[in-house]
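Here is how the chains run, residue by residue.
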Amino acid sequence: MEHGEYRPPEKRRKRRCAIFSVVAVLLIIFILVIVLALTYRQNTEKLKPTFIARCEEFKGYDCEKIWSAFEQAYVGQDPCNVSMGAYDPLIAAAPFRPACNRMMFWSKTKKVVHDFTEKRDCFLTLEDTLLGSVLDGLTWCGKEGSSKTFTTGCPGWTDCNNNPVRSFWNRASAAFADVACGDVTAMLNGSIITPFSPTSIFASIEVKRFNSTRMRSLNVVLVTQESTVTNCTNASLKDLQKELDEGIKYNCKEVAESQIQECSSNPEKPCGACW
Ligand code: DVN
């Protein structure tokens, strides 16, 4: 050691190390708390602004009231124990209005259907209504003992039947089918061997609620592509015909996806000429 260099006594050096360690631990805890708080906030806050913004695109509705009716269905609940009935107050807050001769149902054809309804106002799907629109593509759930809405860490579609998202779509689909009237259209997928799948929402909920006192016909548009594996003689489509309420006329037409897309991008073409 060089002459004149001063070294603190051993005790003072140890004290400085201890203080440094405490400060470092406190800093790490502080950073962890900030990260957890931001993650928690991110998981719980982004749904309502999206819901309200999408709702306000529909004039004449009290969006705060509809939001309250929505969150009461799942907030504070076990996310695997939210039944379809939990959304009854929401359906009552924003009831579906019948759009006779324009209503479109679908199954395994979400993209082609919504590409079409976004570009042409020939038809109305559930996702074009207020309730279908505010929640399309979103996920949400609550937790027992919490008043928060979570958007991550929620059960997936198949994790449990009574999850908040699946119960909502089942309930909304039932209410939408309850007002189906006039000539109704259903766009089904000709590239799968069972276009009318018994486990689908269309088959298990919607078709069962079609009522001949309101509905005149069901016109199936079977979307075909190069990979098409079926046609209107498909066995599952025969089942669909049998399941229809007595008095509802059934039609089926194979339509190339390219023809639907062409019609989507040609607004001058009248709706009825699309297929
Ligand atoms: O008539 C339509 C419409 O009114 C809707 O409300 O119900 C009918 C469509 O439901 P579907 O007959 O069950 O048809 P799909 O294509 O089997 O399922 C419709 C949607 O439910 C899917 O697009 C999924 O939504 P997403 O993730 O694309 O926004 C969802 N879904 C169905 N099975 C699922 C699933 N999501 C995740 N995992 C699954 N196994």
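Here the structure is a predicted model, which means the values were calculated and not measured. Residue numbers here run from 1 along each chain, matching the order of that chain's written sequence. Residues qualify for local features only when their pLDDT is at least 70, as the model is predicted, and side-chain atom pairs are given and counted only at 80 or more; totals for whole chains, interfaces and linings, by contrast, use all residues. Only hydrogens and water are set aside when side-chain values are computed; all heavy atoms of the structure are taken into account.

(A) Examining the site of the ligand more closely. In the neighbourhood of the ligand, 14 residues make up the surrounding shell, with Ser107, Lys108, Lys110, Ser173 and Glu206 lying closest. Polar contacts here mean pairs of N or O atoms no more than 3.5 Å apart (in protein, one a potential hydrogen donor and the other a potential acceptor; neighbouring residues in sequence count only if both atoms are side-chain atoms). Interatomic distance of 2.8 Å between a side-chain N/O atom of serine 107 and an oxygen atom of the ligand. In the model, an oxygen atom of the ligand is placed 2.7 Å from a nitrogen or oxygen of the serine 173 side chain. In short, Shrake-Rupley with a 1.4 Å probe defines the accessible areas, and a residue's cover is counted only from the protein chains shown. Relative to its unbound accessible area of 750 Å², the ligand is 69% covered by the protein chains. A run of H or I in DSSP counts as a helix once it spans at least four residues, and a run of E counts as a strand once it spans at least two, with each numbered from the N terminus. Within the residue set of the shell around the ligand, elements represented by two or more residues are β1 (104-107) and α8 (201-206). Gly counts as polar in this scheme, as do all residues outside two lists: the nonpolar Ala, Val, Leu, Ile, Met, Phe, Trp, Tyr, Cys and Pro, and the charged Asp, Glu, Lys and Arg. Taken together, the residues that form the shell around the ligand break down as six nonpolar, four polar and four charged. We define proximity as follows: a residue is near a molecule or strand when any one of its heavy atoms falls within 4 Å of that partner.

(B) Spotlight on the packing of helix α2 (residues 47-55) against helix α3 (residues 63-71). Here the axes come from fitting lines to C-alpha atoms, over the contacting stretch only for helices, and the angles between their N-to-C directions go from 0 to 180 degrees. At a minimum axis distance of 10 Å, the contact between α2 and α3 shows a crossing angle of 135 degrees. When the interaxial angle is binned, α2 and α3 end up oblique. In the packing of α2 onto α3, the handedness of the crossing is right-handed. Contacts between α2 and α3 involve Leu47, Lys48, Phe51, Ile52 and Cys55 from the former and Cys63, Glu64, Ile66, Trp67 and Phe70 from the latter. An angle counts as roughly parallel when it lies under 35 degrees, as roughly antiparallel when it exceeds 145, as roughly perpendicular when it falls between 65 and 115, and as oblique in every other case. The sense of a crossing depends on the near helix, which, turned anticlockwise from the far helix by less than a right angle, makes the crossing left-handed and, turned clockwise, makes it right-handed. Only heavy atoms matter for contacts: two residues are in contact if any of them lie within 4.5 Å across the pair.

(C) Region of interest: unusual backbone geometry. The phi dihedral of asparagine 101 falls on the positive side, at around 70 degrees, and the residue is not glycine. With respect to the helices and strands, the residue asparagine 101 is situated in the loop between α4 (88-93) and β1. Each residue is placed in one exposure class: buried if its accessible area under a 1.4 Å probe, protein chains only, is under 20% of its type's maximum, exposed if it is over 50%, and partly exposed if it falls in between. The class for asparagine 101 is partly exposed, based on a relative accessible area of 39%. Of note, lysine 108 is a non-glycine position whose phi angle comes to about 60 degrees, a positive value. Owing to a relative accessible area of 47%, lysine 108 belongs among the partly exposed residues under this scheme.

(D) The state of the cysteines, seen in detail. Counting rule for disulfides: a pair of cysteine sulfur atoms within 2.5 Å. Summed over the entire model, instances satisfying the criterion amount to seven disulfides. Here cysteine 80 is linked by a disulfide to cysteine 160, with a sulfur-sulfur distance of 2.0 Å. A torsion of -80 degrees about the S-S bond marks the disulfide between cysteine 80 and cysteine 160 as left-handed. Note that cysteine 80 is positioned in the loop between α3 and α4 and cysteine 160 in the loop between α6 (130-135) and α7 (164-178), a separation of 80 residues in sequence. Note on cysteine 80: relative accessible area 36%, which makes it partly exposed. Between the sulfur atoms of cysteine 122 and its disulfide partner cysteine 271 the distance amounts to 2.2 Å. With the S-S dihedral at roughly -80 degrees, the linkage between cysteine 122 and cysteine 271 falls on the left-handed side. Highlighted residues: cysteine 122 in the loop between α5 (110-119) and α6 and cysteine 271 in the segment after α10 (257-264), separated in sequence by 149 residues. Its relative accessible area of 6% is what places cysteine 122 among the buried residues.

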